[in-house]
Amino acid sequence: MSSNEAINGSVNPAENLAKIKEKISEALKEAGKPDRSVEIVAVSKKHSVQTIEPALRAGHRIFGENRVQEAMAKWPELRARFSDITLHLIGPLQSNKASDAVAFFDVIETIDRRKIAKAIANEIDRQGKQPRLLVQVNIGEEPQKSGIPPKETDAFIKSCRDEFNLPIEGLMCIPPASDPPAPYFALLKKLCDDNGLNMVSMGMTQDYVIGAQLGATHLRIGSGVFGPRPT
Ligand SMILES: *Cc1c(COP(=O)(O)O)cnc(C)c1O
């Protein structure tokens with residue numbers, strides 16, 4: 001047994017999910033916001049089928065993976081055993097993986113440049129399959145992060161819609177690790193509102209409470225659900 005299996009053996013994803021939902025409710029109340037349902041995308045990247053399974057057995061159905069190939073290795077057997085699974089792609093996409101991404105994922109959160117928008121649009125036409133689509137915004141304009149800069153987001157969404165006929169439904173972001181996330185989350189929510197988008201993917205294990213308070217519809221939570229990731 002590797003040390004990580006030992007760690008995750010004591011982690012209870014079902015219990016963690018229940019606690020996270022409670023915390024979200026409390027956080028909304030604390031912020032004076034009406035209680036509403038916020039989807040938890042349980043980020044299962046790097047985790048084994050054995051670690052993921054208890055979450056499925058407890059009824060959870062929404063998961064996130066950041067690599068197409070890893071997801072395609074792990075999820076077919078789980079999809080065969082549990083119905084109604086929704087898989088989100090939350091990692092950067094290469095255009096040579098566009099075909100697999102459209103075929104395999106229910107939601108693609110990482111449309112982050114024209115070339116990818118075009119490749120995804122071609123595959124949607126070719127396969128006749130329509131995953132739900134979000135644009136990734138480089139909300140802190142960090143050189144090492146992918147995503148559309150905030151100032152270019154309106155124009156990019158418009159070109160996705162007009163040139164590629166892509167029904168963009170939302171935005172996702174990962175704020176800079178070194179700053180308080182609230183101003184970045186508020187900006188992402190504003191960009192969603194300005195563009196009539198109702199999927200707002202923001203907030204991870206460290207900051208999901210703030211994400212929920214500022215209007216997230218989707219929280220991407222990995223270690224908070226499954227424990228530390230294998231290295
Ligand atoms: C890994 C990852 C997450 C989850 O991170 P945690 O800190 O483990 O909750 C969320 N979003 C993206 C894009 C990720 O790559």
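Residues numbered from 1 in each chain as written. Predicted model: local features only at pLDDT ≥ 70, side-chain atom pairs only at ≥ 80, totals over all residues. Heavy atoms only, no water.

Asks: I tried to follow the nonpolar core on my own but got confused; where do I start?
Replies: The nonpolar side chains of a soluble globular protein tend to be buried with one another. In this structure, Phe63, Trp75, Ile108, Ile111, Ile120 and Leu166 are the most contacted members of the largest nonpolar core, which totals 62 residues. With 6 residues, the single largest contributor to this core is helix 6 (residues 114-127). Once you skip the residues sitting within four places of it in the chain, isoleucine 111 turns out to touch Ile116, Ala117, Ile120, Leu133, Leu134, Val135, Gln136, Phe156 and Cys160. (Core = buried A, V, L, I, M, F, W, Y, C linked by side-chain atoms within 4.5 Å. Buried < 20%, exposed > 50% of the residue type's maximum accessible area, 1.4 Å probe, protein only. Helix = DSSP H or I, 4+ residues; strand = E, 2+ residues; numbered from the N terminus. Contact = heavy atoms within 4.5 Å.)

Asks: Honestly, the pairing of strand 6 (residues 168-173) in this entry has me stumped. Any pointers?
Replies: Along any regular strand, the residues point their side chains to alternate faces of the sheet. The buried count for strand 6 comes to 5 of 6 residues, which makes it a mostly enclosed element. Crossover strand 5 (residues 132-137) to strand 6 through helix 7 (residues 150-164) is right-handed. In this sheet, strand 7 (residues 199-201) lies alongside strand 6 in parallel orientation, the contact comprising 3 bridges. Bridging across to strand 7, methionine 172 finds its partner in serine 201. What joins strand 6 to strand 7 is helix 8 (residues 182-194), and the crossover it makes is right-handed. (Right-handed = clockwise from strand over helix to strand, strands pointing away. Pairing = 2+ DSSP bridges.)

Asks: Even after reading the chapter, I still don't get the environment of leucine 17, so can you show me in this structure?
Replies: Mapped onto the fold, leucine 17 is located in helix 2 (residues 13-30). Residues leucine 17 and isoleucine 221, 204 residues apart in the sequence, show an inter-C-alpha distance of 9.4 Å. Leave out the neighbours within four places in its chain, and leucine 17 touches Ile40, Ala55, His60 and Val225.

Asks: Quick question: what am I supposed to make of the site of the ligand here?
Replies: Neighbouring the ligand are the residues Val43, Lys45, Ile90, Met172, Ile174, Met204, Thr205, Arg220, Ile221, Gly222, Ser223 and Arg229. Between threonine 205 and the ligand, the recorded distance is 2.5 Å, taken from a side-chain N or O atom to an oxygen atom. Protein chains shield 89% of the accessible area of the ligand, which is 390 Å² for the free molecule. Of the residues that constitute the shell around the ligand, the class distribution is 6 nonpolar, 3 polar and 3 charged. (Near = heavy atom within 4 Å. Polar contact = N/O pair within 3.5 Å; in protein donor to acceptor, adjacent residues only side chain to side chain. Areas by Shrake-Rupley, 256 points an atom, 1.4 Å probe, with all protein chains shown as cover. Nonpolar A, V, L, I, M, F, W, Y, C, P; charged D, E, K, R; others polar.)

Asks: Mind showing me how you'd approach the state of the cysteines here?
Replies: Considering all chains together, one arrives at 0 disulfides under this definition. In this structure cysteine 160 is not part of a disulfide, and its nearest cysteine sulfur, from cysteine 192, lies 14 Å away. (Disulfide = S-S within 2.5 Å.)

Asks: Would you mind going over the packing of aromatic side chains with me for this structure?
Replies: Aromatic rings in a pair are described by how distant their centres are and how their planes are angled relative to each other. The tally for this structure, following the rule as stated, stands at 2 aromatic pairs. Here the aromatic rings of phenylalanine 63 and tryptophan 75 are separated by 4.9 Å at their centres, their planes lie at 45 degrees, and the arrangement is tilted. Highlighted residues: phenylalanine 63 in strand 2 (residues 62-65) and tryptophan 75 in helix 4 (residues 68-81), separated in sequence by 12 residues. In this pair, the class of phenylalanine 63 matches that of tryptophan 75, namely buried. Here the aromatic rings of phenylalanine 104 and phenylalanine 105 are separated by 5.8 Å at their centres, their planes lie at 75 degrees, and the arrangement is edge-to-face. For the pair phenylalanine 104 and phenylalanine 105, one class covers both residues: buried. Its guanidinium or amino end placed over the ring of phenylalanine 104, arginine 79 lies 4.6 Å from that ring's centre, counting from NZ or CZ. (Phe/Tyr/Trp six-rings, centres within 6.5 Å; stacked < 30°, edge-to-face > 60°. Lys NZ or Arg CZ within 6 Å of the ring centre and 35° of its normal.)

Asks: Can you help me understand helix 2 in this one?
Replies: Given 3.6 residues to a turn, an α-helix orients residues that are three or four positions apart in the same direction. An ideal rise of 1.5 Å per residue puts 26 Å on 18 residues; helix 2 measures up with 25 Å between its terminal C-alpha atoms. Of the surrounding elements, those touching the buried residues of helix 2 are strand 1 (39-43), helix 3 (49-57), helix 9 (208-213), strand 8 (218-221) and helix 10 (223-226). Capping the start of helix 2 is the job of one residue whose side-chain oxygen sits 3.1 Å from the backbone nitrogen of alanine 14: asparagine 12. Within two residues after helix 2, glycine 32 carries a phi angle of roughly 70 degrees, on the positive side. (Expected span 1.5 Å × (residues − 1).)

Asks: Looking at this structure, how should I read the pattern of salt bridges?
Replies: Where side chains of opposite charge bring their charged atoms close, a pairing between them can arise. Counted by the stated rule, this structure contains 15 salt bridges. Lysine 158 is paired through a salt bridge with aspartate 162; the nearest N and O atoms lie 2.5 Å apart. On the criterion of helical spacing, the pair formed by lysine 158 and aspartate 162 is a turn pair, its members being 4 residues apart in helix 7. Of the two residues, lysine 158 and aspartate 162, both sit in the exposed class. A salt bridge links lysine 189 to aspartate 193, with the shortest nitrogen-to-oxygen separation between them at 2.8 Å. You can see lysine 189 and its partner aspartate 193 sitting in helix 8, 4 residues apart, about one turn around the helix. In this structure lysine 189 comes out as partly exposed when scored by relative accessible area, which is 24%. (Salt bridge = Lys/Arg side-chain N within 4 Å of Asp/Glu carboxyl O.)

Nothing here speaks to function; it is geometry throughout.
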